[in-house]
Amino acid sequence: MIVNFAERAHNHNWNLDPVTRSLLDTDFYKLLMLQFIWKHFPTTHASFELINRTTSVRLAEMIPREELILQLGHARGVRFHKSELIWLAGNTFYGTKGIFEPKFLEWLEKDFRLSDYELSIEDGQFRLQFDGPWTSTTMWELYALSILDELKTRASLKEMSEIDLDMFYARAKTKLWGKMERMRDVPGLRIADFGTRRRHSFLWQEYAVNLARTALGESFAGTSNTYLAYKHDMEAIGTNAHELPMALAALAPDDEALRASQYRVLELWQQTYQGELLIMLPDTFGTTQFLRSAPEWTADWTGQRIDSKNPFVAGDEYIDWLKQRGRDPRNKLLIASDALDIDLILALHAYFAGTILGESRPEDFHSAADFHDPHKWTHERRIRFSSGWGTLLTNDFRGCDPGNGAQFDPISLVCKLTSADGRPAVKLSDNFAKATGLPAEIERYRRVFGTAGVVNLPVFI
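Conventions we followed
- Residues numbered from 1 in each chain as written.
- Predicted model: local features only at pLDDT ≥ 70, side-chain atom pairs only at ≥ 80, totals over all residues.
- Heavy atoms only, no water.
- Pairing = 2+ DSSP bridges.
- Helix = DSSP H or I, 4+ residues; strand = E, 2+ residues; numbered from the N terminus.
- Contact = heavy atoms within 4.5 Å.
- Axes fitted to C-alpha atoms, helices over the stretch in contact; angles between N-to-C directions.
- Parallel < 35°, antiparallel > 145°, perpendicular 65-115°, else oblique.
- Nonpolar A, V, L, I, M, F, W, Y, C, P; charged D, E, K, R; others polar.
- Buried < 20%, exposed > 50% of the residue type's maximum accessible area, 1.4 Å probe, protein only.
- Polar contact = N/O pair within 3.5 Å; in protein donor to acceptor, adjacent residues only side chain to side chain.

Caption draft 1: Region of interest: the sheet that holds strand β10 (residues 333-336). Strand order across the open sheet formed by six strands is β7-β6-β13-β10-β9-β8, with parallel pairing between neighbours. Strand pairing shows two members of the sheet lacking a second neighbour, β7 (220-223) and β8 (279-280), which therefore form its edges. Pairing between strand β9 (residues 303-306) and β10: four bridges, direction parallel. Bridge assignment links R305 to a residue of β10, and that residue is I335. Most of the contacts of helix α15 (residues 311-324) go to β9, to which it runs at about 160°, and overall it touches β8, β9 and β10.

So this is what it looks like as structure tokens:
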């Protein structure tokens, strides 16, 4: 598919060019989690809030409030199409048919609605909140994030001439292709698109995903974007996120139940899903304490996703934990997903998917040639390793603006659960800087879970 991005941006004459084209335009894990919530917590009330952690970018001064309201209103009016539901019902996900129950799909068709929202402006930032049944608020996360990201992009594009736009997108395409070339023919490489939540635009994500599939071939595992998987016959990738353990922790009646809640959510998840969908995300309240107290049966899960911890440290920690429990790490899956780009992807692949030889270090692997050098590396994996490539696949326009501006640099937008049934929700993370929640509750959670292995790192995206 060839898209003239410059012409499309320059000739922006529609009354409403919708950001949310389909309710499938979300990460696949949101649909898996929605079914989980519908099945186990149908009456739970949940609140979410969207936050811009990049406070230097004053979004409410860039994006007209009325334009945001139109896009949010449009999203609330979108419904699942019959063809989309048929695809969800009949398609094979992770080698299994029938992941989505018929009654759940019937509910999606007849009863699913996005909740209302509250929008205000404080100190140059939009304050966007969603409150209602958990089944009607959870899906707002990806729609709201992609709407704000794309409106930010459109606001900056409007200031550029057609010639500048043409140069801008030509530079971005060249930059993206350069990344792909470095990854071509790397043995055993496995990459998936995780870039929906902070993308430049829907069309650019579609372009980047199709380019990755063409350039990387079998190394490209698929996309987390369900609509792109549906539209282009790709694998839909995703499992679960921090929202679930945060909610169960908030619902816990006492400190003992709070500590146990991180494992209770896994018990419920494995009642709902099996196989490759059994991927732990242990950093919600700290990875080290999670693994230290984890029940024996968690070692039989398929793998682990790393989010907020140094991925080299977190991966080694998981491998050692598996060995201590008599499991072979080579049969397990490790997924890295936080702020990845080409250099880190290749370094992690060298470190986990093979054996580094001689004096070489992970950062010495820059292209396929390094992996094919028998003096530097052998393809004897320590663990099955995969990279979830996010923002810097779908929104890396740094240095592409002919005017040398930074207005297209990605920002750190997040939409987090703030309460469940009126009780405050908390995420601690493996990074002190990523903790979210009321300060008093954060301190209580740290008292319960401890801070082993938690460090202070800058938040990039």
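Caption draft 2: A look at the packing of helix α2 (residues 28-40) against helix α6 (residues 102-110). Two elements in contact, α2 and α6, have axes whose closest approach is 11 Å; the angle formed by their N-to-C orientations is 100°. The orientation of α2 with respect to α6, classified from their angle, is roughly perpendicular. Along the contact surface, α2 presents L31, L34, Q35 and W38, while α6 presents K103, F104, W107 and L108. For the contact of α2 with α6, the per-class residue count stands at six nonpolar, one polar and one charged.

Caption draft 3: Expanded view of the environment of E276. With respect to the element layout, E276 can be found in the loop between α13 (255-272) and β8. Here E276 falls in the partly exposed class, since its relative accessible area comes to 29%. Between the C-alpha atoms of E276 and P18, which are 258 residues apart in sequence, the distance is 34 Å. Beyond its immediate stretch of four places on either side in the chain, E276 contacts Y94, T239, T302, L333 and R384. A polar side-chain atom of E276 sits 3.1 Å from a polar atom in the side chain of R384.

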